[in-house]
Amino acid sequence: MGILNVTPDSFSDGGRFDDPERALRHAAGMVEDGAGLIDVGGESTRPGSAPVGAEEEIRRVVPVIAALRARFDVPISVDTVKAEVARRALEAGADLVNDVSALADPAMPQALARSGAAAILMHMRGTPATMQLDTRYRDVVAEVAAALRGAARRAQEAGIAGAKILLDPGIGFGKSPEGNLELLRRLPEIVALGHPVVVGASRKSFLGAVLGGAPVDRRLEGSLACAAVAAWLGARIVRVHDVRETVRVVRTIDAIRAATV
Ligand code: HH2
């Protein structure tokens, strides 16, 4: 899953692709590099980021999604927590909704159930404004797994088919650096929930901590290591900025998995 942020303030590429032409060029590059899915986001969720109104978010993402749909066959997800944005994005041609709040908007379950679109439900503690205030857990993996199990059950009770639900442990969303690493190490416990698992570790700040304070543009090797571990341990989708490099890593892992003498 290649990340296409049409925001002025995302943590690693804010402001780079917020005009539709540049966004399209970037998406074309990711498709050429082998992305199997493009995730279009119009609101940054980095720690402490300010929320955006639905109208502004629609203004940012809908033209880009419509233009992508017209040019590429690649599936498109919309990274939004707002049902109204999800509805408009799906009408414009998006295929699935990436909801980092796991259905916090009470109108989201119905929007998804009506459209029949697939949804990624991600674990986050609190909101982007508050999530890093308390990152302590008794057992981070058990608590994230229990929350995701609950989110998947609520989604199904609202009429979303189980087969349309993907789960994401929410690396960096209300977790300590050690918590993020433990979630990756114990990813099979999330995979065991029985839904396809999505992992987004690309360039996140815990990698800066691991790599001796590396700034956001110097975290490629850490990002690739996380993608490799996640893919090996059963993630079906890795959400990344560096598509070309990640595709090569994942291809190699697939070859290792398939190897028999
Ligand atoms: N991380 C971000 C945004 N959306 N969605 C999923 N499913 N999983 C993630 O880990 C995830 C996500 C990170 O937020 P943002 O500040 O918007 O930065 P970027 O989009 O550049 O990663």
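Position numbers for residues count from 1 along each chain, tracking the sequence in the order it is written. Given that this is a predicted model, residues contribute local features only at a pLDDT of at least 70 and side-chain atom pairs are listed and counted only at 80 or more, while totals for whole chains, interfaces and linings are drawn from all residues. The basis for the side-chain values is all heavy atoms of the structure; hydrogens and waters are excluded.

Some remarks on the site of the ligand
Then, in step 1: Near the ligand there are 20 residues, and of these Asn5, Asn98, Asp168, Lys204 and Arg239 occur at the shortest range.
Then, in step 2: In this structure, asparagine 5 approaches the ligand through a side-chain N or O atom, which is 2.7 Å from an oxygen atom.
Then, in step 3: Between the ligand and histidine 241 there is a distance of 2.9 Å, counted from an oxygen atom to a side-chain nitrogen or oxygen.
Then, in step 4: Method for areas: the Shrake-Rupley scheme with a 1.4 Å probe, in which residue coverage is limited to the protein chains shown. For the ligand, whose unbound accessible area comes to 480 Å², protein coverage reaches 99%.
Then, in step 5: The numbering of helices and of strands both runs from the N terminus, where a helix is a DSSP run of H or I of at least 4 residues and a strand a run of E of at least 2. Among the elements of the structure, β1 (2-5) and β5 (118-122) are those that each provide at least two residues to the shell around the ligand. Put simply, a residue is near a molecule or strand once any heavy atom of it comes within 4 Å of that molecule or strand. Residues adjacent in sequence count toward polar contacts only when both atoms are side-chain atoms; beyond that, a polar contact is any pair of N or O atoms within 3.5 Å, and within protein one must be able to donate a hydrogen and the other to accept it.

Focus: the packing of helix α2 (residues 54-71) against helix α3 (residues 83-91)
Then, in step 1: Running from amino to carboxyl end, α2 crosses α3 at an angle of 20°, the nearest separation of the two axes being 9 Å. When the axes of α2 and α3 are compared, the pair comes out roughly parallel. The element α2 and its partner α3 pack so that their crossing is right-handed. Contacts between α2 and α3 involve Ala54, Glu57, Ile58, Val61, Val62 and Ile65 from the former and Glu84, Val85, Arg88 and Ala89 from the latter.
Then, in step 2: Amino acids are sorted into nonpolar (Ala, Val, Leu, Ile, Met, Phe, Trp, Tyr, Cys and Pro), charged (Asp, Glu, Lys and Arg) and polar (every other residue, Gly among them). In terms of residue class, the contact of α2 with α3 is made up of 7 nonpolar, no polar and 3 charged. Helix axes are fitted to C-alpha atoms over the stretch in contact, other axes to C-alpha atoms as well, and angles between N-to-C directions run from 0 to 180 degrees. An angle below 35 degrees is treated as roughly parallel, one above 145 as roughly antiparallel, one from 65 to 115 as roughly perpendicular, and anything else as oblique. When the near helix sits turned anticlockwise from the far one by under a right angle, the crossing is termed left-handed; a clockwise turn instead gives a right-handed crossing. Should any heavy atoms of two residues lie within 4.5 Å, those residues are counted as being in contact.

Here's the deal with a nonpolar patch on the surface
Then, in step 1: On the surface, Leu181, Val210 and Leu211 cluster together into a nonpolar patch covering about 240 Å² of accessible area.
Then, in step 2: Structurally, leucine 211 is set in the loop between α8 (205-210) and α9 (220-232).
Then, in step 3: Taking the relative accessible area as the measure of exposure, leucine 211 reaches 37% and is therefore partly exposed. Residues with no salt bridge and a relative accessible area higher than 30% make up the patches, which join like charges within 9 Å and nonpolar side chains (Val, Leu, Ile, Met, Phe, Trp, Tyr) within 5 Å. Just to be clear on terms, a salt bridge is a Lys or Arg side-chain nitrogen sitting within 4 Å of an Asp or Glu carboxyl oxygen. When a residue's accessible area, from a 1.4 Å probe over protein chains only, is under 20% of the maximum for its type it is buried; when over 50% it is exposed; and in between it is partly exposed.

Side note on the confidence of the model for the protein
Then, in step 1: Every residue gets a pLDDT, meaning the predictor's confidence in that residue, from 0 to 100. Mean pLDDT over the protein stands at 95; residues scoring 70 or higher make up 99%.
Then, in step 2: Highest mean pLDDT in the protein belongs to strand β7 (residues 198-199) (99); lowest belongs to helix α1 (residues 20-32) (94).

Here's the deal with the environment of lysine 204
Then, in step 1: Relative to the assigned elements, lysine 204 resides in the loop between β7 and α8.
Then, in step 2: Distance from lysine 204 to serine 12, taken between C-alpha atoms, is 8.5 Å for residues 192 residues apart in sequence.
Then, in step 3: Those residues within four positions of lysine 204 in sequence are excluded, and the remaining contacts are Phe11, Ile171, Phe173 and Arg219.

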